[in-house]
Amino acid sequence: QVQLVESGGGLVQGGGSLRLSCAASGGSFSAYAMGWFRQAPGKEREFVAAISRTGGTTNYADSVKGRFTISRDNAKSTVYLQMNSLKPEDTAIYYCAARFVMLVSTAPTTADAYDLWGQGTQVTVSS
């Protein structure tokens with residue numbers, strides 16, 4: 001079973017950039033669709049971005065479109081989230097998630113579609 005470990009979070013000034021990484025181990029990474037979600041204090045976990053097994057399909061939340069980019073490197077068993085033009089409202093714990101899928105083009109956008117989760121990494125954007 002795949003295990004996920006996020007890294008790359010931190011404190012950044014508004015307008016800045018961060019790149020999150022999620023390293024997978026213990027399974028066939030290329031068989032999994034991958035997603036990023038976030039949860040701010042007092043709020044529910046929300047979808048950020050998702051990518052299909054080969055990277056051919058990507059989905060984004062409206063709030064991050066044009067600012068965030070999800071990508072994956074199957075040779076390194078890693079998925080990335082490049083975050084640019086960060087805003088204070090992007091402050092949250094960011095979680096990586098994985099779902100074993102048969103369809104190559106699948107990139108789920110709901111949390112209940114994923115059954116494997118990382119521990120999260122904190123992103124704080126100052127104003």
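One can find the structure itself at the top, above this paragraph.
First things first, this report covers the structure right here in the doc. (Residues numbered from 1 in each chain as written. Predicted model: local features only at pLDDT ≥ 70, side-chain atom pairs only at ≥ 80, totals over all residues. Heavy atoms only, no water.)

### What about the state of the cysteines?
And step 1. A complete count under the given rule lists 1 disulfide for this structure.
And step 2. What pairs with C22 in a disulfide is C96, and their sulfur atoms sit 2.1 Å apart. What sets the handedness of the C22 and C96 disulfide is the S-S torsion sign, and at about -75° it is left-handed. One end of the pair, C22, is in strand β3 (residues 18-25); the other, C96, is in strand β9 (residues 92-100), with 74 residues separating them in the sequence. Both residues of the pair, C22 and C96, belong to the buried class. (Disulfide = S-S within 2.5 Å. Helix = DSSP H or I, 4+ residues; strand = E, 2+ residues; numbered from the N terminus. Buried < 20%, exposed > 50% of the residue type's maximum accessible area, 1.4 Å probe, protein only.)

### Focus: the side chain of D90
And step 1. Along the polypeptide, D90 turns up in the loop between β8 (78-83) and β9.
And step 2. Apart from the residues within four sequence positions on either side, D90 is in contact with R38, R67, F68, S85, V123 and V125. (Contact = heavy atoms within 4.5 Å.)

### Overview of the pairing of strand β5 (residues 46-51)
As a general feature of sheets, a regular strand has side chains that alternate between the two faces.
And step 1. Most of β5 sits out of view: 5 of its 6 residues are buried.
And step 2. Between strand β4 (residues 32-39) and β5, which pair antiparallel and follow one another directly, the connecting turn spans 6 residues, one of which, G42, has a positive phi of 75°.
And step 3. In terms of strand pairing, β5 meets strand β6 (residues 58-60) through 3 bridges, oriented antiparallel. Bridge pairing in β6 places A50 opposite N59.
And step 4. Hairpin connection between β5 and β6: a loop of 6 residues separates the two successive antiparallel strands, and G55 in this loop has a positive phi of roughly 90°. (Pairing = 2+ DSSP bridges.)

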